[in-house]
Amino acid sequence: MKTFLVLALALVSSAAMAFPVAPFNALERSNLKSIQSFEARGYDFEGIVKLSNCSGSLVAFNGMPLSAKAIMMTNGHCVSAPGGFLKPGEVWVNRAAPRSLKLYDVNFKLHNIQATKILFATMTNTDVAFYELTESYNEIFARTKVRPFLLDSARPLEGVSIDIISGYWDRGYSCEIDGFVFQIREADWTFTDSIRYTAGCDTIGGTSGSPIIARGERRVIGINNTSNESGRRCTMNNPCEVDQAGQVEVRKGVRYGQQTYNVYTCLTPDFRFDLNRNGCQLPR
């Protein structure tokens, strides 16, 4: 059985406001013929996912067999939870969650895909959700010719050039990783070791869940999730930065993403989430 590692080698070689109400249902809008906008030109949309309220991406863990059920990644705050958002300290694992999605191919055409359950979701320390789809990577490729992105297992570096591609808005952004933040606090939520962008990735509500992609590659190195919208201090849609000494800094207009390499610390050899696994860095 061929493993995803073979494909991975070929791939390598070959809202941003945290919790905004989406301005419209993107899946209903996508019933119209999709037209590639100026903002989408020059970006690799193959594997980008459109959700009704957010953005996402078709990803595979390094080493996964192509026969495995495919995975879609988005933000934890894009998940529909009772009462609104996942609460601080709340973690979902292997929970039934049927959801209809749209997947972009290399020609900017949309294809229907279906999720069946949430493998993992949280808004504690990070802001991420992984959905399992009904089809395998092989089945999706046979039907759509779409390859997944590879979720990188290495921590990204400061100064790396990145693209953030939104399926919700059908557009992309380019900038660099400006640095990493010990904590960002937003209302009741705290995110750790967050990615801060340079100017250029001026993401907006609806881009939540967009993959952070190493420019020119098909490696996802993080996930877009929030920005300080109006300069307020540690409030909803206005995250503040907190350093190790507890000092708080507010950076109006600055955008942030979350790390995803740490997911690998909690995966079993057959690519299931085990939060009790020795060395697991995700909340449980």
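Check the entry above for the structure.
Residues numbered from 1 in each chain as written. Predicted model: local features only at pLDDT ≥ 70, side-chain atom pairs only at ≥ 80, totals over all residues. Heavy atoms only, no water.

**Q** Give me the overall build of the chain: which residues, what numbers.
**A** Looking only at helices and strands, one finds three helices and 15 strands in the chain. A compact globule built from 284 residues would reach a C-alpha radius of gyration of about 19 Å, and the chain, at 17 Å, matches this within 12%. Over its C-alpha atoms, taken along the principal directions, the chain stretches across nearly 50 × 45 × 40 Å. Looking at the chain residue by residue over its 284 residues, the buried ones come to 56%. For the chain, the computed accessible surface area is about 11,900 Å², with 50% contributed by carbon and sulfur atoms. Side chains of the chain give 30 positive and 27 negative charges; the mean places of these two sets differ by 4 Å. (Helix = DSSP H or I, 4+ residues; strand = E, 2+ residues; numbered from the N terminus. Rg over C-alpha atoms; globule rule 2.2 N^0.38 Å. Buried < 20%, exposed > 50% of the residue type's maximum accessible area, 1.4 Å probe, protein only. Areas by Shrake-Rupley, 256 points an atom, 1.4 Å probe, with all protein chains shown as cover. Lys, Arg positive; Asp, Glu negative; His and termini not counted. Charge placed at Lys NZ, Arg CZ, Asp CG, Glu CD.)

**Q** Tell me about the nonpolar core, residues and numbers included.
**A** Ranked by size, the top nonpolar core spans 66 residues in total, and within it Phe61, Phe130, Leu133 and Phe273 carry the most contacts. When residues of this core are assigned to their parent elements, the largest contribution, seven residues, is made by strand 5 (residues 110-122). Residues in contact with Phe130, not counting those within four places in the same chain, are Val59, Phe61, Ile71, Met72, Met73, Lys117, Ile118, Leu119, Phe120, Leu151, Val263 and Phe273. (Core = buried A, V, L, I, M, F, W, Y, C linked by side-chain atoms within 4.5 Å. Contact = heavy atoms within 4.5 Å.)

**Q** Quick one: what's the story with the packing of aromatic side chains, residue by residue and with numbers?
**A** Given two aromatic rings, one states the distance between the centres and the angle between the planes to describe the pair. Scanning the model with the defined rule gives twelve aromatic pairs in all. With 5.9 Å between their ring centres and 75° between their planes, Phe61 and Tyr264 make a pair best called edge-to-face. Pair noted here: Phe61 is in strand 2 (residues 55-61) and Tyr264 is in the segment after strand 15 (255-258), with a separation of 203 residues, a long-range link. With a centroid separation of 5.6 Å and 40° between ring planes, the pair formed by Phe130 and Phe273 is classed as tilted. Remark: Phe273 occurs in the segment after strand 15 and Phe130 occurs in strand 6 (residues 128-136); sequence separation between them is 143 residues. Phe273 shares its class with Phe130; the two are buried. (Phe/Tyr/Trp six-rings, centres within 6.5 Å; stacked < 30°, edge-to-face > 60°.)

**Q** Go over the pairing of strand 12 (residues 219-227), please, and point to the residues and values.
**A** Of all nine residues that make up strand 12, nine are buried, and the element is covered over most of its length. Pairing of strand 11 (residues 211-214) with strand 12 involves three bridges; the strand directions are antiparallel. The partner of Pro211 across the bridge, within strand 12, is Ile223. Count of turn residues in the strand 11/strand 12 antiparallel hairpin: four residues, of which Gly216 carries a positive phi of about 85°. Both strand 12 and strand 15 contribute to a ladder of four bridges, which runs antiparallel. Paired with Asn224 across the two strands is Gly257, which belongs to strand 15. (Pairing = 2+ DSSP bridges.)

**Q** Any details on the state of the cysteines? Residues and values, ideally.
**A** Inspection of the entire model under this criterion finds four disulfides. Disulfide pairing is shown between Cys175 and Cys201; the S-S distance is 2.1 Å. Between Cys175 and Cys201 the disulfide shows an S-S torsion of about -100°. By sign, it is left-handed. Remark: Cys201 occurs in the loop between strand 10 (189-197) and strand 11 and Cys175 occurs in strand 9 (residues 171-186); sequence separation between them is 26 residues. Between the sulfur atoms of Cys234 and its disulfide partner Cys240 the distance amounts to 1.9 Å. Across the S-S bond of Cys234 and Cys240 the torsion is about 100°, and the bridge reads as right-handed. (Disulfide = S-S within 2.5 Å.)

Keep in mind these numbers describe shape, not what the thing actually does.
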